[in-house]
Amino acid sequence: MENNPFAERRARVAAALAARKLDALLVAFSPNLRYLSGFTGSNASLLILPGQSILFTDPRYQIQAAQECTSEECTSEECTSEECTSEECTSEESSCKVRIVKGPLVLDVLATLQKLGALRTGYEPARMTCDFYDALKSRLPLRASLEPVHGWIEELRTIKSEAEIALIRQSVATNSRAFEQTLRRVKAGMKESDLAAELEYRMRRLGAEKPAFETIVATGVRSALPHAQPTHARLAAGDLVVIDMGAFENGYASDMTRMLSVGPPSAKVKRMYRAVLEAQLAGIDAVRPGITAARIDTVTRKVLKGYGLDKAFTHSTGHGLGLEIHEPPRLGKRDLTRLQPGMAITIEPGVYVEGFGGIRIEDTVLVTASGCEILTPTPKDLFVV
Ligand code: GLY
Ligand code: MN
Ligand code: MN
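Just so it is clear, the model here is predicted, and its values are computed rather than measured.

Colleague: How should I be thinking about the nonpolar core in this particular structure?
Modeller: Across soluble globular proteins, nonpolar side chains show a tendency to be buried alongside one another. Leu55 and Trp152 are the most contacted members of the largest nonpolar core, which totals 39 residues. Leave out the neighbours within four places in its chain, and tryptophan 152 touches Val13, Ala16, Leu17, Arg20, Leu22 and Leu25. Counting 22 residues, the second-largest nonpolar core is a separate cluster that includes Val269, Met272, Ala312 and Ile361.

Written as structure tokens, this is what we have:
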């Protein structure tokens, strides 16, 4: 990782508070919190103010928070109480102070905002529970306010640093290796659920913390369900099988979809496969800085229209990924975000025919200064098993 990337990110946010007419930003959404502090626990709130940041968490995370936030824990006796003030905290301005709170975090967050004189506090409405918001709002002093902030941290997250790109590469490599190792073991008669379990076992053995989403394995007519959950259905001769898998490794996601054919594919399947592959390659070919996310979606759809299959393409062409499996931009017709170098996205057109089957091909792709780099190393053949 670069030199304390978390402190750099927080400094960037703190420096922009004034322009947004905010005294503080409150972050309670795990991926944003991790991005800004390194903390990976399940219960925390982060306050960013000019000159200081404070992470509030509970005693279960005392050791972990001190380690992950690369800061000294504030040792002031009063630090865990409402009496703590910034002067008593000894850690440097750039570090993230950690406050261990017994009881609801919201009370300490409020007390701190009051002590530090923060009147206008930004919060993330899409990312905060109603309970937390109500608890904050109902106790705010009269002159203080909560100001909605939409997608600010998510937008910062869209452009990955070199260190983040390295982590995504690693996650993609693990994911592809798990697919490759599993492919050798696939045969007719296998259950979808066993195949999914094998893929997930392999990715964990290869270094992933966990799957980035519930692994999709769908055989036969079930492959027409874009987000099918694996069942006890067995792979049978003549089936198309969709495998959509991703890993979280060091917190970063990968995402790939590949297709199997149980026995030789029919002419109809071959044509459908050609259409989706052509659409996917055209989408990748169009990826470059400055093009809108929506335009990539138009490009893939146009290819499928040429095959009379555009109506069978029922989702968007792709999405950003990083600390979340789905994050901005969305490669769909309404997202006018212009792609920029450092964005990690998927390109994943698909066609789904009820009662017949579906085909999707998906790669993880990095936007570069000159176009893009396909990170996924797995060949895009229709694998016959
Ligand atoms: N399975 C999630 C996705 O491909 O977006
Ligand atoms: Mn996927
Ligand atoms: Mn995807």
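Colleague: Got a minute to help me understand the site of ligand 1 in this structure?
Modeller: Contacts to ligand 1 come from Phe213, Ile216, His227, Asp244, Asp255, His319, His326, Glu348 and Glu362. Here histidine 319 contributes a side-chain N or O atom positioned 3.0 Å from an oxygen atom of ligand 1. Within the side chain of histidine 326, an N or O atom sits 2.7 Å from an oxygen atom of ligand 1. In the complex, 96% of the free accessible area of ligand 1, which totals 200 Å², lies under the protein chains. Mapping ligand 1 onto the cavity grids shows that it belongs to the largest pocket. Residues belonging to the shell around ligand 1 are distributed by class as follows: 2 nonpolar, 3 polar and 4 charged.

Colleague: Looking at this structure, I do not really get the coordination of the manganese ion (ligand 3). What am I missing?
Modeller: Note on metal geometry: ideal angles are 109.5 degrees for four donors arranged tetrahedrally and 90 or 180 degrees for six donors arranged octahedrally. Within the protein, the atoms that donate to the manganese ion (ligand 3) are Asp255 (OD), His319 (NE2), Glu348 (OE) and Glu362 (OE), at distances of 2.0 to 2.1 Å. The coordination sphere of the manganese ion (ligand 3) comprises 6 donor atoms, whose angles at the metal cover 53 to 156 degrees; the geometry is irregular. The sequence pattern describing where the donors of the manganese ion (ligand 3) fall on their chain is D-x63-H-x28-E-x13-E. Between the manganese ion (ligand 3) and the manganese ion (ligand 2), both coordinated by aspartate 255, there is a metal-metal distance of 3.3 Å. Linking histidine 319 in strand E13 (residues 318-320) with glutamate 348 in the loop between strand E15 (344-347) and strand E16 (350-353), this pair joins segments that are 29 residues apart in sequence. As far as the burial class goes, histidine 319 and glutamate 348 line up, both buried.

Rules and cut-offs
Residues numbered from 1 in each chain as written. Chains lettered and ligands numbered in written order. Predicted model: local features only at pLDDT ≥ 70, side-chain atom pairs only at ≥ 80, totals over all residues. Heavy atoms only, no water. Core = buried A, V, L, I, M, F, W, Y, C linked by side-chain atoms within 4.5 Å. Buried < 20%, exposed > 50% of the residue type's maximum accessible area, 1.4 Å probe, protein only. Contact = heavy atoms within 4.5 Å. Near = heavy atom within 4 Å. Polar contact = N/O pair within 3.5 Å; in protein donor to acceptor, adjacent residues only side chain to side chain. Areas by Shrake-Rupley, 256 points an atom, 1.4 Å probe, with all protein chains shown as cover. 1 Å grid on protein atoms, 1.4 Å probe; cavity = no way out; pocket = protein on both sides within 12 Å on 5 of 7 lines; lining within 4 Å. Sits in = over half its atoms within 2 Å of the grid points. Nonpolar A, V, L, I, M, F, W, Y, C, P; charged D, E, K, R; others polar. Donors = N, O, S within 2.8 Å, 3.2 Å for Na, K, Ca; no water. Tetrahedral: all angles 85-135°; square planar, octahedral: opposite > 155°, others 65-115°. Helix = DSSP H or I, 4+ residues; strand = E, 2+ residues; numbered from the N terminus.

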